[in-house]
Amino acid sequence: METTLVLIKPGGVSRNLIGEICRRIELRGLELAALKLINADRAVVEEHYAEHKERPFFGSVCDYLVSGPVVALVVKGENSVKAIRAMMGATNPIEATPGTVRGDMALSIEDNLVHSSSDVEAAAREIGLWFPEGLAR
Ligand code: CMP
């Protein structure tokens, strides 16, 4: 059993896509283990994206994540890291396959609706960062 982190970014929240994204996750047979709607701390966001610190988009992606409420959720299930990555689609929505969240609902890489952990190690780090209080189940 694996756990992974998903963030629904401000664009997804403002477009009222929380339900649609969670519906797809639950329909797949994965379980929500923690879920919250929050205005993220900039320090948390900068730590979250620390691996991108030297990239030119680091400042703008952090600005974007604190521009409005986000939903943070932990998804639990067999192979959940890979299953969620596949369901979310390619980082650049233009390359995302139809049927994926980004392939169906997004167009720009800056607002690609969701973040999901890249591997099991990243998931453990990100879950600890976003849910220091622990999981509901
Ligand atoms: P995410 O999976 O949250 O991880 C880093 C984010 O940076 C990425 O999704 C994009 O939303 C954003 N981003 C902006 N520009 C780029 C880029 N050129 N390459 C990769 N990610 C980018």
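Just so it is clear, the model here is predicted, and its values are computed rather than measured.

A. The arrangement of the overall build of the protein in detail. Summing up its helical and strand segments, the protein has seven helices and four strands in all. Listing the helices and strands of the protein from first to last along the sequence gives β-α-α-β-α-α-β-α-α-β-α. Computed over the C-alpha atoms, the radius of gyration of the protein is 14 Å, within 12% of the 14 Å expected from 2.2 N^0.38 for a compact globule of 137 residues. The dimensions of the protein, computed from C-alpha atoms along their principal axes, are 35 × 35 × 25 Å.

B. Region of the structure containing helix H4 (residues 58–65). Looking only at H4, the buried set comprises Phe58, Val61, Cys62, Tyr64 and Leu65. Projection of H4 onto a plane perpendicular to its axis shows the buried side chains occupying an angular sector of 160°, all on one side. Here the buried face of H4 lies against strand E1 (2–8), helix H1 (10–14), helix H3 (42–48) and strand E3 (70–77).

C. Seen up close, the side chain of Ser80. Inspection of the secondary structure puts Ser80 in helix H5 (residues 80–88). Here the side chain of Ser80 touches Glu2 through a polar contact of 3.0 Å, landing on its backbone oxygen. Those residues in contact with Ser80 that lie beyond four places of it in its chain are Glu2, Thr3, Thr4, Leu30 and Val75.

D. Local environment of the side chain of Lys9. Inspection of the secondary structure assignment puts Lys9 in the loop between E1 and H1. Asp111 provides the closest opposite charge to the buried, unpaired Lys9, separated from it by 6.8 Å. Here Asn112 takes part through its side chain, which lies 2.7 Å from a polar atom of the side chain of Lys9. Each residue touching Lys9, except ones within four places of it in the same chain, is listed here: Tyr49, Tyr64, Leu65, Pro69, Val70, Asn112, Leu113, Val114 and His115.

E. Highlighting the packing of aromatic side chains. All told, the structure shown has zero aromatic pairs when counted by the stated rule. The aromatic ring of Phe131 is capped on one face by Lys36, whose charged end is 4.4 Å from the ring centroid.

F. Spatial organisation of the nonpolar core. In this structure, Ile25, Leu73, Val75, Ile84 and Val114 are the most contacted members of the largest nonpolar core, which totals 21 residues. The set of elements that each furnish at least two residues to this core consists of E1, helix H2 (18–27), E3, H5 and helix H6 (101–105). The residues contacting Ile25, other than those within four sequence positions of it, are Leu30, Leu32, Leu73, Val75, Ile84, Met87 and Met88. One finds Phe58, Val61, Val70 and Ala72 within the second-largest nonpolar core, a separate group that totals 19 residues.

G. Fine view of the site of the ligand. The environment of the ligand is formed by Lys9, Tyr49, His52, Phe57, Val61, Thr91, Arg102, Ile109, Asn112 and His115. The separation between an oxygen atom of the ligand and a polar side-chain atom of Lys9 is 2.8 Å. Measuring from an oxygen atom of the ligand, one finds a side-chain N or O atom of His115 at 3.2 Å. For the ligand, whose accessible area on its own is 460 Å², the fraction buried by protein is 80%. With respect to the pocket detection grid, the ligand is positioned in the largest pocket.

Basis of the calculations
- Residues numbered from 1 in each chain as written.
- Predicted model: local features only at pLDDT ≥ 70, side-chain atom pairs only at ≥ 80, totals over all residues.
- Heavy atoms only, no water.
- Helix = DSSP H or I, 4+ residues; strand = E, 2+ residues; numbered from the N terminus.
- Rg over C-alpha atoms; globule rule 2.2 N^0.38 Å.
- Buried < 20%, exposed > 50% of the residue type's maximum accessible area, 1.4 Å probe, protein only.
- Arc of directions from axis to C-beta.
- Contact = heavy atoms within 4.5 Å.
- Polar contact = N/O pair within 3.5 Å; in protein donor to acceptor, adjacent residues only side chain to side chain.
- Lys, Arg positive; Asp, Glu negative; His and termini not counted.
- Salt bridge = Lys/Arg side-chain N within 4 Å of Asp/Glu carboxyl O.
- Phe/Tyr/Trp six-rings, centres within 6.5 Å; stacked < 30°, edge-to-face > 60°.
- Lys NZ or Arg CZ within 6 Å of the ring centre and 35° of its normal.
- Core = buried A, V, L, I, M, F, W, Y, C linked by side-chain atoms within 4.5 Å.
- Near = heavy atom within 4 Å.
- Areas by Shrake-Rupley, 256 points an atom, 1.4 Å probe, with all protein chains shown as cover.
- 1 Å grid on protein atoms, 1.4 Å probe; cavity = no way out; pocket = protein on both sides within 12 Å on 5 of 7 lines; lining within 4 Å.
- Sits in = over half its atoms within 2 Å of the grid points.

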